[in-house]
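Reading the structure
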Amino acid sequence: MNIALENTGLDNHELQTIQNLLDSQNPDIKDDLNQIWYLMDKVWYEYGCDNKALDWSKIGEYYNHPVWVLNGLFIENDEISMQIRQNIASHIAQSDFQTILDYGGGFGSLAKVIADKCPQKQIFIYEPFPSKYGKKCIEGYKNISFISQLEGTFDCLISTDVLEHVDDPLETFAQMIAVLKIGGEAIIANCFYPCIQCHLPKNFHYRYSFNFFATKMGMKNQGMLKNTHATLFSKIKDQKLGPKLKSIGGGGK
């Protein structure tokens, strides 16, 4: 995996840490996607994280490690990853949505593609603790903003590869759609599979049941967005899961 770090605007710590990671690649892994997963797992183990005995203080440190900047750089250099983002942005460009929430949008890889296609739309990236590098990445975009709290309402919600990382996917999804307007659209791409260690095994059953629970939370399944791994949902009403369904879903336990 070759990623040019020159002219990226990384600070010295990020630059050196990422270069050290690139220098520690596994020579037996030839595929770039598996290589970035290998490096992410490497940092996971270095921080002493365990995806079954969850220590969120350690996991929080892991998510603040520059390996996530490297992951973002990988995405922006990967043809398939960027084509998926182009396809999502093209869908949004054809809509009447004016306010878009990208939940857990990293340093704006998707937001920037949307902003380029839709300069009149406002894109908000929900990241409670955005990195300095992330802020630099969107400096040239007047229609992209980082937000640290979910307030107000939005026409469109995007969540790509987020829910497989969280303690309680249904609770997090409920928080997301609470700020989505009735009639608004959610573009949700999940990966409830053991690709990397930070995909929590206790959530893997949602690969079979997430769409069912979403419909019980006031969302209508509109099918897959073409040439992506995202499902389209429209919000038809505000509805909370009852205690029985929530217990079936797992409730983060």
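Residues numbered from 1 in each chain as written. Predicted model: local features only at pLDDT ≥ 70, side-chain atom pairs only at ≥ 80, totals over all residues. Heavy atoms only, no water.

Considerations on the packing of helix H2 (residues 32-46) against helix H4 (residues 67-77)
Here is the rule we go by: A fitted line through C-alpha atoms serves as each axis, taken over the contacting stretch for helices, and the angle formed by two N-to-C directions is quoted from 0 to 180°. What counts as a helix is a DSSP run of H or I of at least four residues, what counts as a strand is a run of E of at least two, and both are numbered from the N terminus. For classification, angles of less than 35 degrees are called roughly parallel, those exceeding 145 degrees roughly antiparallel, those between 65 and 115 degrees roughly perpendicular, and all remaining angles oblique. What makes two residues a contact is simply this: any of their non-hydrogen atoms within 4.5 Å. Classification used: nonpolar for Ala, Val, Leu, Ile, Met, Phe, Trp, Tyr, Cys and Pro, charged for Asp, Glu, Lys and Arg, polar for all others including Gly.
Interaxial distance between H2 and H4 falls to 10 Å at its minimum, and their mutual angle equals 170°. Taken together, the axis directions place H2 and H4 in an arrangement best described as roughly antiparallel. In this structure, H2 uses Asp32, Leu33, Ile36, Leu39, Met40 and Val43 to contact H4, whose residues at the interface are Val67, Trp68, Leu70, Asn71 and Phe74. Split by residue class, the contact of H2 with H4 holds nine nonpolar, one polar and one charged.

Things to note about the pairing of strand E5 (residues 180-189)
Our working rule: Exposed residues in this analysis have more than 50% of their type's maximum accessible area, buried residues have under 20%, and partly exposed residues fall in between, with area computed by a 1.4 Å probe over protein chains only. We treat two strands as partners when DSSP finds at least two bridges between them. Every crossover in which the path from the first strand over the helix to the second runs clockwise, viewed with the strands pointing away from the viewer, is termed right-handed.
With seven of its 10 residues buried, E5 lies for the most part within the structure. Where strand E4 (residues 154-160) lies against E5, six bridges are found, and the strand directions are parallel. For leucine 157, the partnering residue across the bridge sits in E5 and is alanine 186. Following the backbone out of E4, through helix H8 (residues 169-178) and into the adjacent parallel E5, one traces a crossover that is right-handed. Pairing analysis gives four bridges linking E5 to strand E7 (residues 231-235), with the strands arranged antiparallel. Counterpart to alanine 186 in the pairing with E7 is phenylalanine 233.

Quick word on the sheet that holds strand E6 (residues 219-224)
Taken in spatial order, the seven strands of this open sheet run E3-E2-E1-E4-E5-E7-E6, and their pairing is mixed. Sheet topology places strand E3 (144-147) and E6 at the edges, where each strand pairs with a single neighbour. Adjacent strand axes in the sheet meet at a mean angle of 20° when their direction is disregarded. Where strand E2 (residues 122-126) lies against E3, four bridges are found, and the strand directions are parallel. Paired with isoleucine 123 across the strands is isoleucine 144, a residue of E3. Running at roughly 175° to E2, helix H6 (residues 109-117) makes contact with strand E1 (99-103), E2, E3 and E4 of the sheet.

Overview of unusual backbone geometry
Only a minority of non-glycine residues have a phi that is not negative, and only a minority of peptide bonds are not trans. Of note, the phi angle at asparagine 7 is positive, near 60°, even though the residue is not glycine. Note that asparagine 7 resides in the segment before helix H1 (12-23). The phi angle at asparagine 227 is positive, at roughly 60°, despite the residue not being glycine. Looking at the element boundaries, asparagine 227 is found in the loop between E6 and E7. Given the relative accessible area of 56%, asparagine 227 is considered exposed.

Some thoughts on the pattern of salt bridges
Heads up, the rule is: Salt bridge, as used here, is a side-chain nitrogen of Lys or Arg placed within 4 Å of a carboxyl oxygen of Asp or Glu.
Scanning all chains against the criterion turns up five salt bridges. Among the ionic pairs, lysine 42 bridges to glutamate 46, the shortest N-O distance being 2.9 Å. Residue lysine 42 and its partner glutamate 46 are located together in helix H2, separated by four residues, close to a single helical turn. The salt bridge involving aspartate 238 is made with lysine 235; its shortest N-O contact spans 2.6 Å. Taking relative accessible area as the criterion, lysine 235 reaches 3% and is therefore assigned buried.

Points about the pairing of E7
With five of its five residues buried, E7 lies for the most part within the structure. When E6 meets E7, the two strands line up antiparallel, connected through five bridges. Counterpart to methionine 224 in the pairing with E7 is threonine 231. Connecting E6 to the antiparallel partner E7 that follows it, the hairpin turn spans six residues, and asparagine 227 within it adopts a positive phi of roughly 60°.

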